[in-house]
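Each chain, letter by letter, is given below.
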Amino acid sequence: MEAAVSESDEAVMKSNPFFELYVGDRISAHEFVTVFSPLLVEHTEALFLPGNIVVTGIQGCGKSMLLSLLKPKVRMEFDTAGEAFPVRDDLRRFICGSVNLAHQNVIDFGYRSAIDADVLQTELQFADFLNYLLCDSILSSIEQYLVAPHHIRAEVGLLGAQVDFDQFALEISNHPIWEGWLGRCESFAQLRSRLGDRARAYRRFLHGKDRDLDHSIKDTITAIGSPQIVLAELLRGGGWIDSRTHVFADIDQYEELGSISSRQTAGEAVDYRAVINKALSSRNGEISYRIGTRGYSWKSHGKIHGTSGNLEQMRDYKYIDLDDILRKHEDDSSRAGHVFDRFAVDVFARRLRFSGFDVPKGHEAKKFEEVYGRNLSPEEKVNQHLGIREKASYVKVEDGWSETTKSSLRSLAERNFYQAKLGELWVRQKGDVDNLSVRDELLPWRRSSSQWWRKERAHAMVVRIASETKQKTIWGGASELLELAGGSILAFLGLNQFIWSTLIQRNDRPEIGLGEVPSVPVSVQSVSILKASKAWVEMIYEQSGRSAERARFVSNVGSILRKKLLDDKNLSYPGANGFSLLDRDLDEFPEVRSFLEELADYGNVLMLPHTSKSSDRKLRTKFYFHPIFCPSLGLPYVRTKEPYYAKIGEVAGWIYESGYEVPLRSSPPEVQKGLI
């Protein structure tokens, strides 16, 4: 008799712990404490030190979650929950004002129809609006810390009480930086109210409620960054905060500025990013900026407003590249305890706990493997999960092979289909020279001396066998999920989202209730991973930049590489799941390089330097699709062999076929001729 199930248990099972992929800038401070994984903090401690910091990473990599640690509500919620704040004690002396450009109407400058009519005026207004938002946010942080427990106020270095900050309001409001617009503010509340009035006036203007900005605002516009400097100087100099307390200004979603609508009227379009870059270029020690952005937006735009110069890394800012921290490099593919693996498993456990499941602390990795099982070897995928009938009929033998070899392979196929197909390849490559009438463990391709030959072909073999037998490739296992995520926490959560959605829809164990973490069958994992992969390829179209062209490139080139893999009868070149170009050729054709770099910046491909294995030892760059695309493209994601050595003209043709006409004017005529 089946166990009775309460309505609350059924409700739990209908709830997907991974339903919400993006939580960094949406959840409450209380929820943040539960779901936030602190494992990246030790790798990003520069974020809590003085100096300008730019934090980059692809969509969903955890930038907003990290920047949330700068907010007072989050710090105080850790204390309320009895959890240790995940920043080192000696790095906690800071106050931060935060502006999310997408959420606080800053990007709404694109609403006005004549925004490009006076470029300089628009840029100055944008700077002034941002200044007032940041100053008010810094004061908001102070206001929240004023009611925090004593030990947090001491950590921050807050020296005054509420009544003391009323005096601060009077002094700061009289400063010449405002040119009298604030008026006399006799209380902290009145000061914040006046700063808010300015922001509200801008919003009314941007949303078309007011035809024009009030002249009192136009006549008192502040230069980018100047009010924040004055504010920080007075806070320290007046003794309201400790002289050692850092004042930070956090600007998140910087990349949104590149997509603000522009009417392209006569003259130059408004450059909002250059305005923020101007603030960083001042390198004023009173205030430090934190910029959260995606890599493509930062790398492509370092211009400083009002100058012909560009920002300089290490001089104007330091760089935290989350993609680089989380990505497995060539020499770490088999290293245990990689940063991303530990981070992803911790996030997985926290999501389950947040949804009411029991995952004991210290047992996160064990629970993750219990849910998804250990990794399946290629041999297990083929022999145990493909469900192939009449296996011997799929062993392709040549007329010239001996009858002993033919019968041995066909007989082996009934016992171990994977090894029989591997043996077929061996004979094709090495010739029909070995005696195969031996015990299975003594077969020539199973010798220890052949281990690299086997390893290099293992994952390609699974794809080929699935294709030949008209089956779906099998995907699943704890380690494979981490590998398919490719260093992207968003991809990892997406894979889990599809898996748990399928599990809940197919759940035939209604007794699983609150607290019990289910094990997910390989069949559920495999079909869900393929669905997630297809969805991820389609999501390229939703990205900014040349998204349609990039999506077509991924699909088209994926098909080309898959065909090369399947057409290679002897599988003598199993590394054709990626391609490689000479650095010299990329330098000669900057338009080709630019398109491929855009693919890498959006996380569509991995772009890795390497040296040619041929005698010339020339420098090259290799390109592999993000692992999460590979199930949909029908390609193995494992990189164990040199990629396909493509010609620059071939890749230019792929780009052209994707809908992007590669301009070659910057290349010398003889080079263009050679390409054609």
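Just so we're clear, the structure is a prediction, and the values are computed from it rather than from any experiment.

Student: Lay out the overall build of the chain with the relevant residues and their values.
Tutor: Secondary structure assignment for the chain yields 28 helices and nine strands. On the principal axes, the C-alpha backbone points of the chain span a range of 100 × 80 × 45 Å. Residues classed as buried in the chain amount to 53% of the 676 residues present. Sequence-distant contacts, at least 24 apart, represent 74% of the contacts inside the chain between residues at least 6 apart. Within the chain, one finds 86 positive and 93 negative side-chain charges whose respective centroids are separated by 5 Å.

Student: Requested: an account of the packing of helix α4 (residues 72-80) against helix α5 (residues 119-146), with residues and values cited.
Tutor: The contact between α4 and α5 brings their axes to 9 Å, and the two run at 20°. Looking at the two axes, α4 sits roughly parallel to α5. Between α4 and α5, the contacting residues are Pro 72, Lys 73, Arg 75 and Met 76 on the first element and Ser 141, Gln 144 and Tyr 145 on the second. Here the residues of the contact of α4 with α5 are counted per class, giving three nonpolar, two polar and two charged.

Student: Go over the sheet that holds strand β4 (residues 288-293) with me, naming the residues and quoting the values.
Tutor: With parallel pairing, the five strands of this open sheet are ordered in space as β2-β3-β4-β1-β5. Looking at which strands have only one partner, the edges of the open sheet turn out to be β2 (94-100) and β5 (318-321). Ignoring strand direction, the axes of neighbouring strands in this sheet form an average angle of 20°. Sheet topology note: the β2/strand β3 (residues 246-252) ladder contains seven bridges and is parallel. Across the sheet, the residue bridging to Gly 97 is Ala 249, located in β3. Set on the sheet, α5 makes contact with β2, β3 and β4; between it and β2 the angle comes to about 135°.

Student: Got a sec to walk through the packing of helix α14 (residues 339-354) against helix α15 (residues 364-372)? Specific residues and values, please.
Tutor: Direction vectors running N to C along α14 and α15 enclose 80°, while the axes themselves pass 9 Å from each other. The orientation of α14 with respect to α15, classified from their angle, is roughly perpendicular. When α14 is examined against α15, the residues Val 345, Asp 346, Phe 348, Ala 349 and Arg 353 are found in contact with a partner set consisting of Glu 364, Ala 365, Phe 368, Val 371 and Tyr 372. Across the contact of α14 with α15, the residue classes break down as seven nonpolar, no polar and three charged.

Student: Let's hear about the pairing of strand β8 (residues 619-625): which residues, and what values?
Tutor: With respect to burial, β8 is a largely interior element, six of its seven residues being buried. Strand direction decides the pairing type here: strand β7 (residues 605-611) and β8, joined by seven bridges, are antiparallel. By the bridge assignment, Leu 606 is partnered in β8 with Tyr 624.

Student: An account of the pattern of salt bridges is requested, with residue identities and associated values reported.
Tutor: One pass over the structure, following the stated rule, counts 42 salt bridges. Between Lys 569 and Glu 398 there is a salt bridge, with the nearest N and O atoms lying 3.1 Å from each other. Placement of the pair is Lys 569 in the loop between α23 (547-567) and β6 (578-582) and Glu 398 in the loop between α16 (378-385) and α17 (403-415), with a sequence separation of 171 residues. For the salt bridge of Glu 441 with Arg 439, the shortest nitrogen-to-oxygen distance reads 2.7 Å.

Student: Which residues make up the environment of Tyr 132, and what values do they have?
Tutor: Take Tyr 132: it is sitting in helix α5. For Tyr 132, a relative accessible area of 1% translates into the label buried. Separated by 65 residues in sequence, Tyr 132 and Asp 197 place their C-alpha atoms 9.6 Å apart. Once residues lying within four places of it in the same chain are set aside, the contact partners of Tyr 132 are Trp 178, Trp 181, Leu 182, Leu 195, Arg 198 and Thr 222.

Student: How would you summarise the packing of aromatic side chains if you had to cite specific residues and measurements?
Tutor: The tally for this structure, following the rule as stated, stands at 34 aromatic pairs. Here the aromatic rings of Tyr 317 and Tyr 319 are separated by 6.5 Å at their centres, their planes lie at 70°, and the arrangement is edge-to-face. On the accessibility criterion, Tyr 317 (9% relative accessible area) is buried. Pairing Trp 426 with Trp 453 gives two aromatic rings, centres 5.0 Å apart and planes at 80°, and the pair type is edge-to-face. Of this pair, Trp 426 sits in helix α18 (residues 417-430) while Trp 453 sits in helix α19 (residues 451-468), placing them 27 residues apart in sequence. Per residue, the accessibility class of Trp 426 equals that of Trp 453, and both read buried. If you follow Lys 430 out to its NZ or CZ, it ends over the ring of Trp 426, 5.1 Å from the centre. Taking NZ or CZ as reference, Arg 620 lies 3.9 Å from the ring centre of Tyr 645, over its face.

Student: Kindly report on the sheet that holds strand β9 (residues 644-645), identifying the contributing residues and their values.
Tutor: Read from one edge to the other, the open sheet built from four strands follows the order β7-β8-β6-β9, with strand pairing classed as mixed. Each edge of the sheet is formed by a strand with only one pairing partner; in this case those strands are β7 and β9. Contacting β6, β7 and β8, helix α25 (residues 590-601) runs over the sheet at an angle of about 120° to β7. Here helix α27 (residues 648-657) sits on the sheet and contacts β6 and β9; the angle it forms with β6, its principal contact strand, is near 125°.

Student: Let's hear about the side chain of Asp 346: which residues, and what values?
Tutor: Note on placement: Asp 346 falls in helix α14. Among residues more than four places away in sequence, those in contact with Asp 346 are Ser 37, Pro 38, Leu 39 and Glu 364.

Student: Tell me about the side chain of Glu 598, and name the residues and values.
Tutor: Position of Glu 598 relative to the elements: it lies in helix α25. Setting aside anything within four residues of it in sequence, one finds Glu 598 in contact with Gly 545, Arg 546 and Arg 550.

What counts, and at which threshold
- Residues numbered from 1 in each chain as written.
- Predicted model: local features only at pLDDT ≥ 70, side-chain atom pairs only at ≥ 80, totals over all residues.
- Heavy atoms only, no water.
- Helix = DSSP H or I, 4+ residues; strand = E, 2+ residues; numbered from the N terminus.
- Buried < 20%, exposed > 50% of the residue type's maximum accessible area, 1.4 Å probe, protein only.
- Contact = heavy atoms within 4.5 Å.
- Lys, Arg positive; Asp, Glu negative; His and termini not counted.
- Charge placed at Lys NZ, Arg CZ, Asp CG, Glu CD.
- Axes fitted to C-alpha atoms, helices over the stretch in contact; angles between N-to-C directions.
- Parallel < 35°, antiparallel > 145°, perpendicular 65-115°, else oblique.
- Nonpolar A, V, L, I, M, F, W, Y, C, P; charged D, E, K, R; others polar.
- Pairing = 2+ DSSP bridges.
- Salt bridge = Lys/Arg side-chain N within 4 Å of Asp/Glu carboxyl O.
- Phe/Tyr/Trp six-rings, centres within 6.5 Å; stacked < 30°, edge-to-face > 60°.
- Lys NZ or Arg CZ within 6 Å of the ring centre and 35° of its normal.

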